[in-house]
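Reading the structure
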Amino acid sequence: MTVAAVITLPRLVSIDAFRAVIMILMIFVNDLWTLIDIPKWLDHVSADADGMGLADIVFPAFLFIVGLSVPYAIQNRRKKGDTTSKIFFHILSRSVALLVMGLFLVNAENYAESAILPKGIWTILLIGAFFLIWMAYKNPESQMVKLLKIIGILLLVILAMLYKTNRGSGLAAMGIHWWGILGLIGWAYLIASCIYLFSGGKPIIQVAAFLFFMLFSCGYFLGWLAPIEKIKDYVWIVGDGAMPALSMAGIIASITYKKLTSANKKFWLIMVLFAVGLMVFGLVTRPIWGISKIKATPSWTAICSGISVIGFLMFVYITDLKKMVTWYKYIKPAGTSTLTCYLLPYIHYALIGLLGLAQLPEIMRTGVPGLFKSLIYALIIVSITGLLEKRNIRLKI
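Below you will find a few notes about this structure. Predicted model only: the values in this text are computed from it and were never measured.

Procedures and definitions
Residues numbered from 1 in each chain as written. Predicted model: local features only at pLDDT ≥ 70, side-chain atom pairs only at ≥ 80, totals over all residues. Heavy atoms only, no water. Axes fitted to C-alpha atoms, helices over the stretch in contact; angles between N-to-C directions. Helix = DSSP H or I, 4+ residues; strand = E, 2+ residues; numbered from the N terminus. Parallel < 35°, antiparallel > 145°, perpendicular 65-115°, else oblique. Left-handed = near helix turned anticlockwise from the far one by under 90°. Contact = heavy atoms within 4.5 Å. Buried < 20%, exposed > 50% of the residue type's maximum accessible area, 1.4 Å probe, protein only. Expected span 1.5 Å × (residues − 1). Bend = angle between axes of the 7 residues up to and from the residue. Core = buried A, V, L, I, M, F, W, Y, C linked by side-chain atoms within 4.5 Å.

For the rest of this paragraph, the subject is the packing of helix H5 (residues 119-134) against helix H6 (residues 143-162). In the contact formed by H5 and H6, the axes pass within 8 Å of each other and the chain directions differ by 150°. Between H5 and H6, the angle falls in the class roughly antiparallel. Crossing of H5 against H6: the hand is left-handed. Note on element contacts: H6 touches H5 through Leu148, Lys149, Ile151, Gly152, Ile153, Leu155, Leu156 and Leu159, opposite Trp122, Leu125, Leu126, Ala129, Phe130, Leu132 and Ile133.

Shown next, in the form of structure tokens:
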């Protein structure tokens, strides 16, 4: 047994299981566009509406889980002997990877059909480049692996040069309209992880950071930050504070669990009060700015944080307290190879477009049958992820 195997802490099933379920839901809601006549409460709510559907809760829950994982990830690296600077550069490299992937994927949405490469081929090559660069290689220091990573980087550069939109072509046309899901996760992870790392994980600082980001978000929507909004295009907090606030809420829940454990009634009391407080704040302030995922309003942030806390408590109770984990093994790849699981649908949708495959019969895409179709699709993606994982084909950043 290696030293790393001895000192690495076991994975917390509740966090992995929570992450797996949220990833399945993310694939599920991302596939709703293929369906007809489904309940409106499942889908995203429009930007000008005051409310949210299931799809508007999934992404913030994932940001919350990012925060849940941070204390355990940093503790593991500490136990391996990593210094603060080494841990920081690891956090930075992971964040850059997510930002690069997010930037390319969000620009893929505006890819012109008149480009040299069809959009489907460009997308498949893009995902292939991600795997070449960030795959969990068995021997990362080998010359072959280094060569594969270089090929992946060169492929990204070529794809950027071949990129084309109605506005222009090449790298200059790849604008930062928004960072995409992965990019927003990257920024939130970078901010929350650095706060936890450089504060030594002190609970009071994590709470203060969460309150600061919530206050920043409120200040933005109340117009208090208008005098400094000129710098928004250059230096700003992602999501006007909402994204890191969600991850900091996860860190608060995580360190509370680490300190008290599920056997302590005080843990449950604190977490329930935390969740209720967040949701009450969200509902009370709703008349001021409304609930909107697109606008990332403070009410949306608070309510989603509260829902995520309750979700975490549910998985702690099921997996860590009651030891009911048999069901989890069937969806485990979604919790351990999450990035791979998230990217696989991009390949599938690209292949459908390239091959000109017809949609399933309308009866299979309408109402309840359609919902089952999207759920089965999500589970198939998880199964494929598991098969790839067994062959050591998975992303690791």
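Note: most residues except glycine have negative phi, and most peptide bonds are trans. For threonine 261, which is not a glycine, the phi torsion comes out positive at approximately 70°. Assignment of secondary structure puts threonine 261 in the loop between helix H9 (242-260) and helix H10 (265-284). The partly exposed category is assigned to threonine 261, whose relative accessible area is 38%. Even without being a glycine, alanine 296 presents a positive backbone phi close to 55°.

Here helix H3 (residues 55-79) contains 25 residues, and its C-alpha end-to-end distance of 38 Å stays within 8% of the 36 Å for a straight helix at 1.5 Å per residue. At valine 70, H3 is deflected by roughly 30°, the largest bend along its length, and proline proline 71 occurs up to four residues later in sequence. Burial analysis of H3 places 19 of its 25 residues in the buried class, which makes it a mostly covered element.

The next subject is the nonpolar core. Burial of nonpolar side chains together is a common tendency in soluble globular proteins. Ranked by internal contacts, the top residues of the largest apolar core, which has 114 residues, are Trp122, Phe130, Phe210, Phe312 and Leu343. If we ignore the near neighbours within four places in the chain, the residues touching phenylalanine 312 are Ser14, Ile15, Phe18, Phe64, Leu68, Ala253, Tyr257 and Phe267.

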